[in-house]
Amino acid sequence: MARLFDNRFAGPRTRAIHAGERPDPATGASSPNIVMSSTYVTDKPEGFSAYEMTEDSPFVYSRWANPTVRQLEEKVAALEGAEAAAAYGSGMGAAAAILFRELSAGDHLILSDVSYAGIAEFARDTLPRMGVEVSAVNLTRHDDIAAAMRPNTRLIFADTPCNPLMRLTDLEAVAKIAHDGGAKLAVDSTFASPVATNPLALGVDYVMHSLTKYIGGHGDAVGGVVCGGRDLIRGLVSEATVHYGGVLSPFNAWLISRGAATLPIRMRAHQETAMAVAEALEAHPAVERVLYPGLASHPQAELARRQMKNFSGMMTFRLKGGRAAGDTAAERMAKGLSIIHYAVSLGHHRTLVCWIPSDDMIQNSFRLTGQNAADYRDWAGDGVFRLSIGLEDADDLIRDLESVLG
Ligand SMILES: *Cc1c(COP(=O)(O)O)cnc(C)c1O
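Remember, predicted model here, so these are calculated numbers, not experimental data.

Caption draft 1: Spatial organisation of the overall build of the chain. Across its full length, the chain holds 15 helices and 12 strands. Taken over the C-alpha trace, the chain has a radius of gyration of 21 Å; the compact-globule value for 406 residues is 22 Å, and the two agree within 12%. Pairs at least 24 apart in sequence give 73% of the contacts found in the chain among residues at least 6 apart. When the accessible surface of the chain is totalled, it reaches about 16,900 Å², and 52% of it is carbon and sulfur. The positive charge centre, built from 38 side chains, and the negative charge centre, built from 47, are 2 Å apart in the chain.

Caption draft 2: The arrangement of the pairing of strand β2 (residues 108-112) in detail. Within β2, five of the five residues are buried, which leaves the element mostly enclosed by the surrounding structure. Along β2, one buried face is formed by H108, I110 and S112 and the opposite face, lined by L109 and L111, is buried too. Pairing analysis gives five bridges linking β2 to strand β3 (residues 133-137), with the strands arranged parallel. Note that in β3 the partner of I110 across the bridge is S135. Crossover handedness for the path β2 to helix α4 (residues 117-129) to β3: right-handed. Across four bridges, the pairing between β2 and strand β4 (residues 153-159) is parallel. Residue pairing across strands places H108 opposite T153, the latter belonging to β4.

Caption draft 3: Highlighting the layout of surface pockets. The calculated volume of the largest pocket comes to roughly 880 Å³. Considering the residues around the largest pocket, the lining is formed by 37 residues, among which E55, R70, E74, A84 and A85 are closest to the centre. At the level of elements, α2 (67-80), β1 (84-88) and α8 (230-244) are the ones that each hand at least two residues to the lining of the largest pocket. Tallied by class, residues from the lining of the largest pocket come to 19 nonpolar, eight polar and 10 charged. Per-class residue counts for the lining of the second largest pocket are seven nonpolar, four polar and five charged.

Caption draft 4: The sheet that holds β4, seen in detail. With respect to topology, seven strands assemble into an open sheet ordered β1-β7-β6-β5-β4-β2-β3, the strand pairing being mixed. Looking at the sheet topology across the chains shown, the edges are occupied by β1 and β3. Averaged over all pairs of adjacent strands, the angle between their axes in this sheet comes to 20°, without regard to strand direction. In this sheet, strand β5 (residues 184-188) lies alongside β4 in parallel orientation, the contact comprising five bridges. For A158, the partnering residue across the bridge sits in β5 and is V187. Taken strand by strand, helix α3 (residues 91-102) contacts β1, β2, β4, β5, β6 (206-210) and β7 (224-228), and its axis lies near 155° from that of β6. Along the sheet face, α8 touches β1, β5, β6 and β7 and points at about 25° away from the line of β1.

Caption draft 5: Representation of the pattern of salt bridges within the structure. The final tally for this structure, using the stated rule, is 21 salt bridges. For R234, the salt bridge goes to D231, with nearest N and O atoms at 3.9 Å. Taken together, the residues span about one helical turn, with R234 and D231 both in helix α8 at a distance of three residues. Relative accessible area serves as the criterion here: at 39%, R234 is assigned to the partly exposed category. Put simply, R323, D327, D359, R377 and D382 are held in one network by salt bridges that share partners.

Caption draft 6: How the structure looks around empty space enclosed by the protein. Considering all chains together, one arrives at four cavities of 30 Å³ or more under this definition. If you trace the largest cavity, you find it lined by M53, T54, S57, P58, F59, V60, W64, A65 and R70. Grouping the amino acids of the lining of the largest cavity by side-chain chemistry returns six nonpolar, two polar and one charged.

Caption draft 7: Fine view of the packing of α2 against helix α9 (residues 250-260). Between α2 and α9, whose axes approach to 8 Å, the crossing angle comes to 30°. By the angle class used here, α2 and α9 are roughly parallel. Remark: the crossing between α2 and α9 carries left-handed chirality. Along the contact surface, α2 presents T68, V69, Q71, L72 and K75, while α9 presents P250, A253, W254, I256, S257 and A260. Per-class residue counts for the contact of α2 with α9 are seven nonpolar, three polar and one charged.

Caption draft 8: Just the site of the ligand, in detail. Every residue near the ligand is listed here: S90, G91, M92, Y116, D188, T190, F191, S210, T212, K213, G223 and L346. Within the backbone of M92, one N or O atom sits 2.9 Å away from an oxygen atom of the ligand. Starting from 380 Å² of accessible surface for the ligand in isolation, the protein chains cover 91%. Along the lines of polarity and charge, the residues of the shell around the ligand split into four nonpolar, six polar and two charged.

Caption draft 9: Quick look at the packing of aromatic side chains. Overall, the coordinates contain seven aromatic pairs when judged by the stated rule. Aromatic side chains Y40 and F59 sit 5.7 Å apart centroid to centroid with 40° between the ring planes, which places their arrangement in the tilted category. One end of the pair, Y40, is in the loop between α1 (12-18) and α2; the other, F59, is in the loop between α1 and α2, and 19 residues separate them in sequence. The ring of W379 has R289 sitting right over it, with the charged end atom 6.0 Å from the ring centre.

Definitions and limits used
- Residues numbered from 1 in each chain as written.
- Predicted model: local features only at pLDDT ≥ 70, side-chain atom pairs only at ≥ 80, totals over all residues.
- Heavy atoms only, no water.
- Helix = DSSP H or I, 4+ residues; strand = E, 2+ residues; numbered from the N terminus.
- Rg over C-alpha atoms; globule rule 2.2 N^0.38 Å.
- Contact = heavy atoms within 4.5 Å.
- Areas by Shrake-Rupley, 256 points an atom, 1.4 Å probe, with all protein chains shown as cover.
- Lys, Arg positive; Asp, Glu negative; His and termini not counted.
- Charge placed at Lys NZ, Arg CZ, Asp CG, Glu CD.
- Buried < 20%, exposed > 50% of the residue type's maximum accessible area, 1.4 Å probe, protein only.
- Pairing = 2+ DSSP bridges.
- Right-handed = clockwise from strand over helix to strand, strands pointing away.
- 1 Å grid on protein atoms, 1.4 Å probe; cavity = no way out; pocket = protein on both sides within 12 Å on 5 of 7 lines; lining within 4 Å.
- Points joined across faces, edges and corners; volume = space filled by probe spheres on them.
- Nonpolar A, V, L, I, M, F, W, Y, C, P; charged D, E, K, R; others polar.
- Axes fitted to C-alpha atoms, helices over the stretch in contact; angles between N-to-C directions.
- Salt bridge = Lys/Arg side-chain N within 4 Å of Asp/Glu carboxyl O.
- Parallel < 35°, antiparallel > 145°, perpendicular 65-115°, else oblique.
- Left-handed = near helix turned anticlockwise from the far one by under 90°.
- Near = heavy atom within 4 Å.
- Polar contact = N/O pair within 3.5 Å; in protein donor to acceptor, adjacent residues only side chain to side chain.
- Phe/Tyr/Trp six-rings, centres within 6.5 Å; stacked < 30°, edge-to-face > 60°.
- Lys NZ or Arg CZ within 6 Å of the ring centre and 35° of its normal.

By themselves, these are just geometric observations and shouldn't be taken as functional.
Right under this line is the structure:
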């Protein structure tokens, strides 16, 4: 019977398939079983405190640890090059776990001024109620980050590429600023996936992903994960997993593991197709600007090449004619696209598109003023279409988009 796979010397495709897995010792099943059991029979009495749990503890109760969820955690940790990972019921659950674990009343958080809307709203509305001070900073402006650092700054929370601008954060540079000031750096790496960027190698302390997106890859399971050093993840598990309780279901872990097995080859196809679509859009007369890290026209193309091994399938584009043109095209897309789904979310095998008007984001989610609002408009104009390129044929996607762009 094959042993538990040792991924230390394996490439990313092999890790994606084998890490965390072994044939079932009872049946020889090659494909992993789903363990749905909530409780476990132990051969001696076990403790009831999360603080007594170690990596070698037997399975006791599925909120603490579950074999199918653990298998996914080991797979994602192997893909990220992390010592450990902890899975949650959603990407937001993973973000909340990091933020609540790291921040206490009187602490200060620096957050990217543009980020996933749920995280932006959570940090702006919930954390201050718990006594946490929050500053929103454009993380491409390193002088602004340094100026925002305070003696009580505990955490910088970044995302790269950031939603929805496709603006990149230089993780190595921001990790240095954080560490020089005695803070940690967490990054939401959902848009990049572990195939494009391994932030831990650049000095980042926590990496989170919405598993719902590229890692699951098929739009049929919601989940989240945090990767990091063994001690940080152990602390996260004993507090956030066991006590906040937002754990991933074994069934979703199983679906996401199956998706994760093909992540490296999917990312390669996402990138190849996205490049073709980005070039076609850039040449289209109705299009004002395309933001895709793989294009030479991306304002941070050099950083993209340095920090991303794959440019992923995420891009935004805006149309000539401002808000009115965007609103009209969004209506046409929702009614007239034949392959592409007009829908939120991303990273699936199906191509998805949605319209993101700048006024709504600037006022409601990000509440940007002054320079930050001007920076947002500089990238997004009156609004962007966010495209998550799937795994269909590029020519079919281009034809579908051309049919609604006029
Ligand atoms: C979707 C997403 C999240 C939230 O993940 P859920 O699984 O929907 O909770 C966080 N960050 C980014 C960048 C996302 O795209």
